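Summary of structural features
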Amino acid sequence: MKIQRLGTIAAVTTTAALLLTACGGTEDKAADKAADRPTASATSSADAASSSSEFTSLSGTAKQNNAQPKTGDWANSPGKPQKWVQLSAARAGALSPVVVNGAGFTLYRFDNDTAKPSKSTCNDACATTWPPVVVAPGGRIFIDGVRKSDVGVVKRDDGKLQVTIGGWPVYRFNKDLRPGDTNGQGVGGTWFGVTPDGKKAGGGASAPAGSGTKSSVTLSDEKNFGDPSEGLAGTGCQNVGRDNSASSLQASGTVKIWTEKDCKGTSKSVTGNIADLASIGFDNTISSVRFG
């Protein structure tokens with residue numbers, strides 16, 4: 001009897017131990033699964049890190065940060081995502097302050113865009129005339145005289161990251177041929193140099209006559225400013241490259257268009273944008289332009 005009771009006790013003890021082991025394994029597996037699931041706060045932190053990793057802002061110029069030659073803004077490739085871009089408060093023509101890039105070219109904002117939320121509406125043919133300032137994912141933005149809190153990026157319709165100042169997407173103008181040119185100021189009454197806090201340089205006015213800023217005009221072969229297009233800037237009379245081809249134009253300030261070369265024939269003074277030159281009797285008839 002004694003031996004039988006001892007055997008029974010041993011069996012009960014073994015069974016209890018097995019049950020405890022099984023319960024402990026289940027709890028451990030449940031704990032492991034819980035640890036694998038991200039908490040709400042962990043997810044939020046990851047999202048914030050992803051957002052901030054779109055670019056890195058660094059104080060100082062590209063030169064001060066030892067940027068490599070012939071890279072970034074120095075490569076002078078408007079519209080192409082760069083490993084770095086520079087935003088510097090400066091003077092260009094009659095505009096002060098205005099933001100320029102690392103190569104000294106004036107940067108602009110477009111009234112048809114929005115700042116809150118940031119949104120670029122300049123695409124396709126527009127982006128050819130006004131190349132957006134775009135930075136490669138994870139790229140650097142060197143900040144010189146611009147507050148870091150005013151600098152950001154927005155994803156364009158083509159997926160590229162466009163730099164913003166004060167929420168406004170910023171652009172180059174393809175008729176600015178040299179550093180310091182401000183030929184885009186006041187074009188169409190909607191394009192203006194951008195200040196270090198995102199406002200319109202020059203108070204949102206076209207450059208005054210005699211200020212040293214050249215007048216400019218963009219002539220497009222299609223209505224509503226479609227491609228192909230050509231730009232003219234400077235002073236005096238200039239013959240167009242594609243004679244009698246323009247169906248729309250965008251002018252900075254007032255220019256005079258002529259039906260014959262060397263500013264002869266019938267003429268008309270125009271200002272701003274004309275989406276259809278047929279409306280003023282000049283469709284496919286412009287052969288020369290007079291500035292100033």
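Quick note: structure is the one above.
Residues numbered from 1 in each chain as written. Predicted model: local features only at pLDDT ≥ 70, side-chain atom pairs only at ≥ 80, totals over all residues. Heavy atoms only, no water.

What about the state of the cysteines?
Tallied over the entire structure, the rule returns two disulfides. There is a disulfide in this structure between Cys-122 and Cys-126, and the S-S distance comes to 2.0 Å. Taking the sign of the torsion about the S-S bond as the criterion, the disulfide between Cys-122 and Cys-126, at about -105 degrees, is left-handed. Two residues share a disulfide in this structure: Cys-237 and Cys-263, whose sulfurs sit 2.1 Å from each other. (Disulfide = S-S within 2.5 Å.)

A look at the packing of aromatic side chains
Evaluation of the coordinates by the stated rule reveals eight aromatic pairs. Seen in terms of ring centroids, Tyr-108 and Phe-173 are 6.3 Å apart; in terms of plane orientation they differ by 75 degrees. Their pairing is edge-to-face. With Tyr-108 in strand S4 (residues 108-110) and Phe-173 in the loop between strand S10 (168-169) and strand S11 (191-193), this residue pair connects regions lying 65 residues apart in the sequence. Geometrically, the ring pair formed by Phe-110 and Trp-191 is stacked, given 4.1 Å between the ring centres and 5 degrees between the ring planes. Placement of Phe-110 in strand S4 and of Trp-191 in strand S11 is noted, with a sequence separation of 81 residues between them. Through successive ring pairs, a cluster of aromatic residues spans Tyr-108, Phe-110, Trp-130, Tyr-171, Phe-173 and Trp-191. For the cation-ring pair, Arg-109 lies above Trp-168, with the distance from its terminal atom to the ring centre recorded as 3.8 Å. (Phe/Tyr/Trp six-rings, centres within 6.5 Å; stacked < 30°, edge-to-face > 60°. Helix = DSSP H or I, 4+ residues; strand = E, 2+ residues; numbered from the N terminus. Lys NZ or Arg CZ within 6 Å of the ring centre and 35° of its normal.)

A short note on unusual backbone geometry
Keep in mind that most residues, glycine aside, have a negative phi and that most peptide bonds are trans. Put simply, Ser-96 and Pro-97 share a cis peptide bond, and its omega is 0 degrees. Along the chain, Pro-97 turns up in strand S3 (residues 95-100). Omega for the bond connecting Lys-116 with Pro-117 falls within 30 degrees of zero, at 0 degrees, which places this linkage in the cis form. In this structure, Pro-117 sits in the loop between strand S5 (114-115) and strand S6 (118-119). Unlike most non-glycine residues, Asp-124 shows phi in positive territory, near 55 degrees. Inspection of the secondary structure assignment puts Asp-124 in the loop between S6 and helix H3 (125-129). On the accessibility criterion, Asp-124 (69% relative accessible area) is exposed. (Buried < 20%, exposed > 50% of the residue type's maximum accessible area, 1.4 Å probe, protein only.)

Side note on the environment of Gly-72
Take Gly-72: it is sitting in the loop between strand S1 (55-59) and strand S2 (82-92). Residue Gly-72 is classed as buried on the basis of its relative accessible area, which comes to 4%. Expressed as a C-alpha distance, the spacing of Gly-72 and Ala-103, which sit 31 residues apart in the sequence, is 9.4 Å. With near-sequence residues (within four places) excluded, Gly-72 lies in contact with Gln-82 and Trp-84. (Contact = heavy atoms within 4.5 Å.)

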